[in-house]
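Secondary and tertiary structure notes
Letter by letter, the chains look like this.
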Amino acid sequence: MGKSLLQRGSRWCAFSHVSAGFVAVLVGYTSSAAIVFQAASAAGASPAEMASWLWALGVGMGATCIGLSLAYRTPVLTAWSTPGAALLATGLVGVSMSEAIGVFLFASALLTLAGATGAFGRIMRYIPQSLAAAMLAGVLLRFGLDLFVVLPTQTLLVGVMFVTFLLCRRFLPRYAVPTTLALGLLTAAVQGGIHLGGVSIALAAPVFTAPTFSWVTLIGVGVPLFVVTMASQNVPGQAVLRANGYQTPASPLVAWTGATGLLLAPFGGYSFNLAAITAAICMTPEADPDPAQRYRAAVWAGIFYLITGILGATVASLFAAIPHALVLAIAGLALLGTIGNSLAAALAGEGEREAALITFLVTASGVSLFGIGSAFWGLLLGLGAFAIRRCP
């Protein structure tokens, strides 16, 4: 029995699972934490309230990643709404903190309702697999491109990582990403690119703010926050699951993330939703060759999210100490396989190829209309092209 427990523990502590979860959190924080700070500043948050926002977001993402991944045995990653934070950074200017909390509660209630009624799941059933894969490829394309954009300015760092990744993919495929990350950190340290002087350990404390409600603010900020989160986050997040072969029911995931927002909104948890880009990192063969075991990587991401939430602003300063080029390089390398597989799935069927290509191009363009990101518009135009092609 002792040996069985040891084997079970070793499976949970597999290096590939831990590293995939860490890279997902690293990419999530470094790519958009600054936008969250801007949103909190727009609402006039004090340093303590900003730390509380990070606490609420970290705890909420950690709890939902762990809980949902274990419940469905699927790599379910959740995230804060990055476009939602961008919207709040402008929409909350002049709005009191209590009114902002009212907006968060209102948007989370709408998310919970959309999930609990099954409306979101019914919509997702009408989206062809090829278009979901095309949208995923379009969302992730910029990460693949950024890998080579930073190469001329950080030739040694990115070059070492790139060569390491290629060699490991040939001889140690399961450990390609963690080994590349380790050598990247070592190279950055030798170059003097890691600056830990501004990092100090401090625990975050939750700060409760009682909500107040204004119809003007609820309609002007709360409804757009709900729409942006659903269209730009939950739809791509569910598409990532579908594109990787996971048939996890959509509506319960949205309902649980919405309910988490209802609980944590008074502490600054402005929105929780399904992740797309960071989720894809935990769904690659590098996370685990067996798709049925990749949920363990998502659980580890949840653990790291809990740690980041508890440590609050300390973690943000730690991530800021790492060279941005390293983050871009490891994200691009970790997602190469997913981008390739998504493109192959999107363009495999000749009858759906044109619609999938439109979805991919519009999504990759980054176009934004009415505050809604390109993933939604790519899917919408792709569905239009698909419907026209199928018309009798």
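What you are looking at is a predicted structure, and each value in this text was computed from that prediction instead of being measured. (Residues numbered from 1 in each chain as written. Predicted model: local features only at pLDDT ≥ 70, side-chain atom pairs only at ≥ 80, totals over all residues. Heavy atoms only, no water.)

**Quick notes on the overall build of the protein chain**
In plain terms, the rule: Put simply, DSSP H or I for four residues or longer makes a helix, DSSP E for two residues or longer makes a strand, and each gets a number counted from the N terminus. For the radius of gyration, the atoms used are the C-alpha atoms, and the globule rule reads 2.2 Å times the number of residues raised to 0.38. Note on exposure labels: buried denotes an accessible area under 20% of the residue type's maximum, exposed denotes more than 50%, and partly exposed covers the range between, all computed with a 1.4 Å probe on protein chains only. Every residue pair with non-hydrogen atoms within 4.5 Å of one another is taken to be in contact. Here Asp and Glu are counted as negative and Lys and Arg as positive; His is not counted, and neither are the chain ends. Every charge is mapped onto a representative atom, which is NZ of Lys, CZ of Arg, CG of Asp or CD of Glu.
Scanning the protein chain from terminus to terminus reveals 18 helices and two strands. Computed over the C-alpha atoms, the radius of gyration of the protein chain is 20 Å, within 12% of the 21 Å expected from 2.2 N^0.38 for a compact globule of 392 residues. Taken along the three principal axes of its C-alpha coordinates, the protein chain extends 65 × 60 × 55 Å. When the 392 residues of the protein chain are sorted by exposure, 55% land in the buried category. Long-range pairs, those at least 24 residues apart, make up 84% of the contacts in the protein chain between residues at least 6 apart in sequence. When the 16 basic and 9 acidic side-chain charges of the protein chain are each reduced to a single mean position, those positions are 12 Å apart.

**Re helix α9 (residues 176–190)**
The line we're drawing: Expected span of a helix, by definition, is 1.5 Å for each gap between consecutive residues, and there is one gap fewer than residues.
The terminal C-alpha atoms of α9 lie 21 Å apart, and with 15 residues this matches the ideal 21 Å at 1.5 Å per residue to within 8%. Those residues of α9 lying buried are Ala176, Val177, Pro178, Thr180, Leu181, Gly184, Thr187 and Ala188.

**Some points on the packing of aromatic side chains**
Note the cut-off: Any Phe, Tyr or Trp ring, taking Trp's six-membered ring, that has another such ring centre within 6.5 Å forms a pair; planes under 30 degrees apart are called stacked, those over 60 apart edge-to-face, and the others tilted.
Tallied over the entire structure, the rule returns eight aromatic pairs. Among the aromatic side chains, those forming a connected cluster through ring pairs are Phe22, Trp300 and Phe304.

**Structural notes on the environment of Leu306**
Inspection of the secondary structure assignment puts Leu306 in helix α13 (residues 295–311). Given a relative accessible area of 27%, Leu306 falls into the partly exposed group. Sequence separation between Leu306 and Met283 is 23 residues, and the spatial gap between their C-alpha atoms is 20 Å.

**Section: empty space enclosed by the protein**
Put simply, the rule is: Only protein atoms enter the 1 Å grid used here, on which a cavity is any set of points holding a 1.4 Å probe that cannot leave and a pocket is any open set flanked by protein within 12 Å on both sides along at least five of seven lines; residues with an atom within 4 Å of a point are listed as lining. Grid points are joined across faces, edges and corners, and a volume is the space filled by probe spheres set on the points. In the scheme used here, Gly and all other residues not listed as nonpolar or charged are polar, with Ala, Val, Leu, Ile, Met, Phe, Trp, Tyr, Cys and Pro taken as nonpolar and Asp, Glu, Lys and Arg as charged.
Taken as a whole and assessed by the stated rule, the structure comprises four cavities of 30 Å³ or more. One number sums up the size of the largest cavity: a volume of about 50 Å³. Lining the largest cavity, in full, are Ser16, Ser19, Ala20, Val177, Pro178, Ile281, Thr284, Glu286, Ala287 and Ala334. Tallying contributions element by element places helix α2 (residues 15–42) first for the lining of the largest cavity, with three residues. Considered class by class, the residues forming the lining of the largest cavity number six nonpolar, three polar and one charged.

**Looking at the environment of Ser108**
Within the element layout of this structure, Ser108 appears in helix α5 (residues 97–116). Each C-alpha atom of the pair Ser108 and Pro323 lies 35 Å from the other, and the pair is 215 residues apart in sequence. Sequence-distant contacts of Ser108, that is, excluding residues within four places in its chain, are made with Gly258, Gly261, Leu262 and Tyr270.

**A look at the confidence of the model for the protein chain**
What counts here: The pLDDT value expresses, per residue, how confident the predictor is, ranging between 0 and 100.
Of all residues in the protein chain, 92% have pLDDT values of 70 or greater, and the mean over the chain is 84. For the protein chain, per-element mean pLDDT is lowest for helix α1 (residues 2–12), which scores 55, and highest for helix α11 (residues 250–264), which scores 94.

**Focus on a nonpolar patch on the surface**
We count it as follows: Without a salt bridge and with relative accessible area above 30%, a residue can belong to a patch; like charges are then joined within 9 Å and nonpolar side chains (Val, Leu, Ile, Met, Phe, Trp, Tyr) within 5 Å. Areas reported here follow the Shrake-Rupley algorithm with a probe of radius 1.4 Å; residue values treat only the protein chains shown as occluding. We count a salt bridge whenever a side-chain nitrogen from Lys or Arg sits within 4 Å of a carboxyl oxygen from Asp or Glu.
Together, Phe15, Val163, Leu167, Phe171, Leu172 and Tyr175 give the surface a local cluster of nonpolar side chains, amounting to about 610 Å² of exposed area. The element best represented in the nonpolar patch is helix α8 (residues 155–171), accounting for three residues. When you line up the elements, Phe15 lands in helix α2.

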